[in-house]
Amino acid sequence: MTSLPLVPPEALSVRTHCPYCAYQCGMLIGDGTADAPGTVQGDPHFPVNNGELCIKGWTSTTLLRHPDRLTSPLVRVRGELRPATWDAALDATAEAIRATKERYGPDAVGVFGSGALTNEKAYLLGKFARVAVGTANIDYNGRYCMSSAAAAGNRAFGIDRGLPFPVSDIEKAEVVLLVGSNAADTLPPIMQWFDRQRRAGGRLAVIDPRKTATARAADLFLPVTPGSDLALANGLLYLAVEENLIARKFIESRTTGFDAVRRAVLTYHPAHVERLTGVAEATMRKLVRWLGSARSAMILSGRGPEQQSKGVDTANAFINLALALGLPGKPASGWGTLTGQGNGQGGREHGQKADQLPGYRLIEVDPHREAVAKVWGVDPASLPRKGKSAFELLDALGPEGGIRSLLVMGSNVAVASPDLTRIGCRLAALDHLTVCDAFLNETAAHAHVILPAYQWAEEEGTMTNLEGRVIHRRRVARPPTGVRGDIDILRELADRLGSGDKFAFHSARDVFEELRRATAGGTADYSGITYERIDREDGVCWPCPSEDHPGTPRLFADRFAHPDGKARFFAVEHRPAGDEPDAHYPFYFTTGRYREHYNSGAQTRLVGALTKARPHPLLQIHPAAATRHRVGGGSVVTLESRRGRAEFRAEVTPAIRPDTLFAPFHWGGSEAANQLINPALDPTSLMPEFKLAAVRIVAVGTPVETP
Ligand code: SF4
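Along every chain, residues carry numbers that run from 1 in the direction the sequence is written. Local features in this predicted model are restricted to residues whose pLDDT is 70 or higher, and side-chain atom pairs enter the listing and the counts only when it is 80 or higher, whereas totals over whole chains, interfaces and linings include all residues. Where side-chain values are given, they derive from all heavy atoms of the structure, hydrogens and water being excluded.

1. Digging into the pairing of strand E5 (residues 80-83)
The side chains of a regular strand alternate between the sheet's two faces. Strand pairing requires that DSSP identify at least two bridges connecting the strands. Secondary structure elements follow DSSP: runs of H or I of four or more residues count as helices, runs of E of two or more count as strands, with numbering from the N terminus. Relative to E5, strand E4 (residues 74-77) runs antiparallel, the two sharing 4 bridges. Its bridge partner being in E5, Val75 is matched across the sheet by Arg82.

2. A short note on the sheet that holds strand E21 (residues 540-541)
With antiparallel pairing, 3 strands are arranged side by side in an open sheet as E19-E20-E21. Here the strands that pair on one side only, and so sit at the sheet edges, are strand E19 (461-464) and E21. Here strand E20 (residues 469-473) pairs with E21 via 2 bridges, running antiparallel. Across the sheet, residue Val470 finds its bridge partner in E21, namely Val540.

3. A few points about the packing of helix H8 (residues 229-242) against helix H12 (residues 281-293)
In a packed pair of helices, the relevant descriptors are the angle between the two axes and the axis-to-axis distance. Axis geometry follows a simple rule: fit a line to the C-alpha atoms, using only the stretch in contact for helices, then measure angles between N-to-C directions, giving values from 0 to 180 degrees. For the pair H8 and H12, the least separation of the axes is 9 Å and the interaxial angle reads 65°. Both H8 and H12 take part in a crossing whose hand is right-handed. Contact residues: H8 offers Leu232, Leu236, Leu239, Ala240 and Glu242, while H12 offers Met284, Arg285, Leu287 and Val288. Each residue gets one of three labels, nonpolar for Ala, Val, Leu, Ile, Met, Phe, Trp, Tyr, Cys and Pro, charged for Asp, Glu, Lys and Arg, and polar for the others, Gly among them. Taken together, the residues that form the contact of H8 with H12 break down as 7 nonpolar, no polar and 2 charged. For any pair of crossing helices, the crossing counts as left-handed if the nearer helix is rotated counterclockwise from the farther one by less than a right angle, and right-handed if it is rotated clockwise. Throughout, a residue-residue contact means that at least one pair of heavy atoms, one from each residue, lies within 4.5 Å.

4. Overview of the packing of aromatic side chains
Given two aromatic rings, their pairing is described by the distance between the two centres and the angle made by the two planes. The rule is short: rings of Phe, Tyr and Trp, with Trp giving its six-membered ring, pair when the centres are within 6.5 Å, and they are stacked under 30 degrees, edge-to-face over 60, tilted in between. For the structure on display, the rule yields 13 aromatic pairs. When the centroid spacing of 5.0 Å and the interplanar angle of 40° are considered together, the rings of Phe556 and Phe560 count as tilted. Residue exposure (1.4 Å probe, protein chains only): buried if accessible area is under 20% of the type maximum, exposed if over 50%, otherwise partly exposed. The buried category is assigned to Phe556, whose relative accessible area is 8%. Note on Phe560: relative accessible area 1%, which makes it buried. An aromatic cluster is defined as three or more aromatic residues linked by ring pairs; in this entry it consists of Phe157, Phe250, Trp335, Phe556 and Phe560. The rule for a charge over a ring is simple: NZ of Lys or CZ of Arg within 6 Å of the ring centre, and within 35 degrees of the ring normal. Over the aromatic face of Phe662 sits the side chain of Arg210, whose NZ or CZ is 3.5 Å from the ring centroid. One residue, Arg614, lies across the ring of Tyr594, its end atom 3.8 Å from the ring centre.

5. Considerations on the pattern of salt bridges
Basic side-chain nitrogens of Lys or Arg form a salt bridge, by our definition, when they fall within 4 Å of a carboxyl oxygen of Asp or Glu. Inspection of the entire model under this criterion finds 54 salt bridges. In this structure, Arg15 and Asp43 form a salt bridge, with 2.6 Å as the shortest nitrogen-oxygen distance. Of this pair, Arg15 sits in strand E1 (residues 12-17) while Asp43 sits in the loop between strand E3 (39-42) and helix H1 (55-58), and the two are 28 residues apart along the sequence. Classification of Arg15 as partly exposed rests on a relative accessible area of 27%. We classify Asp43 as buried; its relative accessible area is 2%. In this structure, the salt-bridge partner of Arg262 is Asp259, at a minimum N-O distance of 3.6 Å.

6. Here we look at the environment of Gly126
For Gly126, the position within the fold is in helix H3 (residues 119-133). Taking the C-alpha atoms as reference points, Gly126 and Gln356, 230 residues apart in sequence, are found 8.9 Å from one another. Contact partners of Gly126, with chain neighbours within four places excluded, come to Ile138, Gly351 and Trp376.

7. Some points on the packing of H8 against helix H10 (residues 258-265)
Two elements in contact, H8 and H10, have axes whose closest approach is 9 Å; the angle formed by their N-to-C orientations is 105°. Viewed along their axes, H8 and H10 adopt a mutual orientation that is roughly perpendicular. Residues Asn234, Leu237, Tyr238 and Val241 of H8 form the contact with H10, whose participating residues are Phe258, Val261, Arg262 and Val265. Residue composition of the contact of H8 with H10, grouped by class: 6 nonpolar, 1 polar and 1 charged. Working definition: roughly parallel below 35 degrees, roughly antiparallel above 145 degrees, roughly perpendicular at 65 to 115 degrees, and oblique for all remaining angles.

See the structure below:
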């Protein structure tokens, strides 16, 4: 945990939340002026982080008065981006959308949103795409983050909420298994709950191809071969059956489908699984005994098992294990996923995803369409059907794919997507690209129009954290002259497109009132949540169907969300990744995050303290592989996959498997890890395979100094 000097609490005033990850730490901001808030302190009274922040949170206000901040719209004229008036920039965007619709039809306009948007903005962007533009093609970068866990949760439990219990339950679990999550780096304040759990005598096990900071804190570490997590989960279930650890009464009374799963895992004999996964049988057996004999146990998933071309099946394999052991619904027990982006959860609940409408309704289900159309005052038949998923949408940009005009709100797709060379070509092939953002980034570099938007602290709104807790992000700073909020931008664009009456919102609270009505009766029902309740109760967990409903911090105690109240087992089989190592590309390559940077780095690469601590991505390579390829610490190593090249300085470390290389994905250009990544999509979630590509070392340069 980073400990920067705290300012005296009496100097602080406004309670709000961090702009970055899904942990949404509470923070107190003040000690400056409304124009330039300076100091940050963790909010000791917010029950999720209890006053702790990571270095990203501590430094988050740096961006509010950053010299690179965009303060005027930009319009491309003869190849150059030049300052323009708001009217000129909005007119240019609206005209491009109108002309594209007229020439090619509404689906030729794409809309790309973000897991960083508040619930209100996510809701409004989904409505804008369907009502003002009429396009089916809207998706968001949360597809790259949570979609496999979401699909698996829906299949098994009938509902998708990151954690079905508060994070504070972690401390009460006797055993916690973390699968492919480096929580100590990605959301450091969560480690307080693991520390308490272990101080109380609990055990922590970690599955990961790398011995991460989280794995080093564990009592048991399973260094799995990349892409074999599903086989490992099935192998663990095989052992649970063999050791008679399964919860028969629970399986009979609260689930369906176990027999098919039991039959499917019969072929996952420990010796076979050991060969597939690299995890010793004795280690697997120890873990299963811990999980199966504990009074309370949790299996928590991260992006490792999920960002694979079999991510949904892998998540279901671990859910099968949790169900077989009778964990979901039991106190301080169950399966959950540690969500990544700030509002990855709320972002998909309110209609930014190609297949979803507000309230977690489905766009292909007629009663769902009718319920939302009624609130929006439109004919249900006028709503588009399901559109393309995030990567499919980006891959369809340009004349060949048919999406000719794109609006991007708060997402740096030119760094965050797989197969970046291809995505760069697609962006360049657009007739028109409008980007709404606070800073220029790699995506905005392709834009024809850039609309400078408010940042997180300059407007209020609600976010939904990894527990399904709806929280209030307050306004703590005045935006600089010349920028506008996304709600205003969407209203102005809708007005120019002839739908102004459906977008007459002037504040986040106005939008939230409609969002409440639009979600009423849906799976993610927010109708009982108000700003006042959120403030009074430190957040309210959905579903919350009325103002006198207490909210739902814990799910599944009595029933699951399928109509019959039962959870579903899903028989799933291990299969190879989209891109397995071979004689030409002999290494597994996997990606992840640094604690100093967030996602594509569009914000954190602008923060001096963060870039000083982590100026470059480092390539982790095992000493044995390093010796073979004459790689020393700091050597500049060029990697190549079947899609492209990237260049990293080397960090030689035994903390990674000898057959695996790792680099973080926060950088663009020649240091972009996602250049190497295979866009093989999971067939259900359409998640690209970020966690696994086959690569080779093609050049090793002279060592340079590494931080
Ligand atoms: Fe908390 Fe996440 Fe912000 Fe770090 S980045 S302070 S863990 S919300």
